Amino acid sequence: MTEKKLHPSVQKFKEFVRDNPKIIQEVRKGKSTWQELYEDWYLLGEEDKRWETIGSEPDSESGSESDSEPEKNKESQGDWMSNIMGMVKKMDPNQMQNHITNLSQALGAIQGVIAQFQGSNPTAGPVKPIEGPKNPFLFRKD
């Protein structure tokens, strides 16, 4: 397979990103996109103050993050609960009953298959004892 040759400016940007791992963190957190960062790097250069602020943002937030962490957790829990409540309001009870019935039948079928493979399960119902072969020429004497 042939490798695509990147534009020299893109290669330089990749090297710049390797030297500044905080930029990767910013993209992963969703604060910026690669396109935005590349355009800023291309227009402003490597020596701009923007790159210094990116490098120092996580350090400056680390002290305040512990204070805002419980607030974020409460907010995310509130969002989660509101999402659940919204889904419950949209549910059709008859459709949910059908789904529960189908699930119950599927679980019953799976339990039946498992019971067949276990063989010695006393709760599986009456199990026929294994009988030896019957003699086809059995004669009775009077």
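Before going into details, it helps to say that this report is about the structure given with it.

Conventions used here
Residues numbered from 1 in each chain as written. Predicted model: local features only at pLDDT ≥ 70, side-chain atom pairs only at ≥ 80, totals over all residues. Heavy atoms only, no water. Helix = DSSP H or I, 4+ residues; strand = E, 2+ residues; numbered from the N terminus. Buried < 20%, exposed > 50% of the residue type's maximum accessible area, 1.4 Å probe, protein only. Contact = heavy atoms within 4.5 Å. Areas by Shrake-Rupley, 256 points an atom, 1.4 Å probe, with all protein chains shown as cover. Patch = residues over 30% accessible without salt bridge, like charges linked within 9 Å, V, L, I, M, F, W, Y side chains within 5 Å. Salt bridge = Lys/Arg side-chain N within 4 Å of Asp/Glu carboxyl O. Phe/Tyr/Trp six-rings, centres within 6.5 Å; stacked < 30°, edge-to-face > 60°. Polar contact = N/O pair within 3.5 Å; in protein donor to acceptor, adjacent residues only side chain to side chain.

## Side note on the overall build of the protein chain
A tally of helices and strands in the protein chain yields five helices and zero strands. For the protein chain, the N- to C-terminal ordering of α and β elements is α-α-α-α-α. By the burial criterion, 10% of the 142 residues in the protein chain qualify as buried. Counting contacts in the protein chain only where the partners sit at least 6 residues apart, residues at least 24 apart contribute 48% of the total. Carbon and sulfur atoms make up 56% of the accessible area of the protein chain, which amounts to about 13,000 Å² in all.

## Here's the deal with a nonpolar patch on the surface
On the surface, W80, M81, I84, M87, V88, M91, M96 and I100 cluster together into a nonpolar patch covering about 750 Å² of accessible area. Every element with two or more residues in the nonpolar patch is listed here: helix 4 (49-90) and helix 5 (93-118). The element contributing the most residues to the nonpolar patch is helix 4, with five residues. Judged by relative accessible area, M81 falls into the partly exposed class, the value being 43%.

## A short note on the packing of aromatic side chains
Enumeration according to the criterion identifies six aromatic pairs in this entry. When the centroid spacing of 6.4 Å and the interplanar angle of 85° are considered together, the rings of F13 and W34 count as edge-to-face. Of this pair, F13 sits in helix 1 (residues 8-19) while W34 sits in helix 3 (residues 34-44), and the two are 21 residues apart along the sequence. With 5.4 Å between their ring centres and 55° between their planes, F13 and W41 make a pair best called tilted. A residue pair is termed long-range when its members are at least 10 positions apart, and F13 in helix 1 and W41 in helix 3 qualify at 28 residues. A single burial state applies to F13 and to W41, both of which are buried.

## A look at the environment of T33
Its place among the elements puts T33 in the loop between helix 2 (21-28) and helix 3. Given a relative accessible area of 39%, T33 falls into the partly exposed group.

## Re the side chain of S32
Take S32: it is sitting in the loop between helix 2 and helix 3. For S32, the side chain forms a polar contact with the side chain of E26, separated by 2.5 Å. The residues touching S32, leaving out its near neighbours within four places in the chain, are E26, V27, L37 and R50.

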